[in-house]
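A look at the structure
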Amino acid sequence: PNPNNYNKLVNLYNENDKIKILNVGCSFENGNDLIFYVDQNDEFEQLSTFSLEQVQKCKEIYGCEFVEKKIDVVKTSDIFSKNNISKINFLSVDTESFDYNVIKGIDFEKVEIDLICVEHLNNELENLLTNLNYVVFYKNIGNTFFKKK
């Protein structure tokens, strides 16, 4: 959804037919939402989030300014279905405090995922994955890895 980053990805991978770049947000339901992204050409240009709390943190810590934009969000399972994805070996979710919504949008009866890495783990997300028979098998400073029992 960040237009600058989207264009960079398209330019970088436009000749690779195994990579499909989608300009949508993932969530637990279809609709639209506000995204906040840094629109400056520096080390913070990759930052974008749906979390106003995360925006405030970044402003306080780094002093960067965010652009606000209303975008389409699509249920994660709909993206998988539309692209005929039923098996994922490794799913990495790093959505600046929106990880729970992305994972919640997956229909685990329709897609098999071996390994899931999330950046922002909270009790809600850990409970969701635990109830889906995933266990934490590795943690580092910024990420938690879950594997199927």
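Given the structure is predicted, the values throughout are model-derived calculations rather than measurements.

The next point concerns the state of the cysteines. According to the stated counting rule, one finds 0 disulfides in the structure shown. Counting only cysteine sulfurs, Cys117 is the nearest neighbor of Cys26, a cysteine outside any disulfide, at a range of 15 Å. Residue Cys26 is classed as partly exposed on the basis of its relative accessible area, which comes to 25%. With no disulfide of its own, Cys64 lies closest to Cys58 among cysteine sulfurs, the gap being 5.3 Å. Among the residues examined, Cys64 registers a relative accessible area of 2% and is labelled buried.

By way of backbone hydrogen bonds, the strands of a sheet pair with one another, either parallel or antiparallel. Taken in spatial order, the 4 strands of this open sheet run E5-E6-E8-E7, and their pairing is mixed. Taken across any chain shown, the strands that pair with only one partner, and hence form the sheet edges, are strand E5 (87-93) and strand E7 (134-139). Between one strand axis and the next, the sheet turns by 20° as a mean value, whatever way the strands run. In the packing of helix H5 (residues 123-131) onto the sheet, the strands contacted are strand E6 (112-118), E7 and strand E8 (144-148), and the crossing angle to E7 comes to about 125°.

Right, let's get into the sheet that holds strand E3 (residues 48-49). Pairing is mixed across the open sheet formed by 4 strands, whose spatial order is E1-E4-E2-E3. Strands at the two margins of the open sheet, each flanked by one partner only, are strand E1 (25-27) and E3. For strand E2 (residues 31-38) and strand E4 (residues 66-75), the ladder comprises 8 bridges, and the chain directions are antiparallel. From the neighbouring strand, Ile35 faces E4, where its bridge partner is Lys69. Together, E2, E3 and E4 form the strand contacts of helix H2 (residues 52-62), whose direction differs from that of E4 by roughly 150°.

Within the secondary structure, Asn101 is located in helix H4 (residues 99-104). You can call Asn101 buried: its relative accessible area is 16%. The contacts of Asn101, once residues within four sequence positions are left out, are Ser27 and Phe28.

The next point concerns the pattern of salt bridges. Applying the stated rule across the entire model yields 2 salt bridges. With its nearest N and O atoms 3.5 Å apart, the salt bridge here joins Glu112 to Lys87. Linking Glu112 in strand E6 with Lys87 in strand E5, this pair joins segments that are 25 residues apart in sequence. For Lys87, a relative accessible area of 40% translates into the label partly exposed. One continuous salt-bridge network, built from bridges that share partners, spans Lys87, Glu112 and Asp114.

About the cut-offs
Residues numbered from 1 in each chain as written. Predicted model: local features only at pLDDT ≥ 70, side-chain atom pairs only at ≥ 80, totals over all residues. Heavy atoms only, no water. Disulfide = S-S within 2.5 Å. Buried < 20%, exposed > 50% of the residue type's maximum accessible area, 1.4 Å probe, protein only. Pairing = 2+ DSSP bridges. Helix = DSSP H or I, 4+ residues; strand = E, 2+ residues; numbered from the N terminus. Axes fitted to C-alpha atoms, helices over the stretch in contact; angles between N-to-C directions. Contact = heavy atoms within 4.5 Å. Salt bridge = Lys/Arg side-chain N within 4 Å of Asp/Glu carboxyl O.

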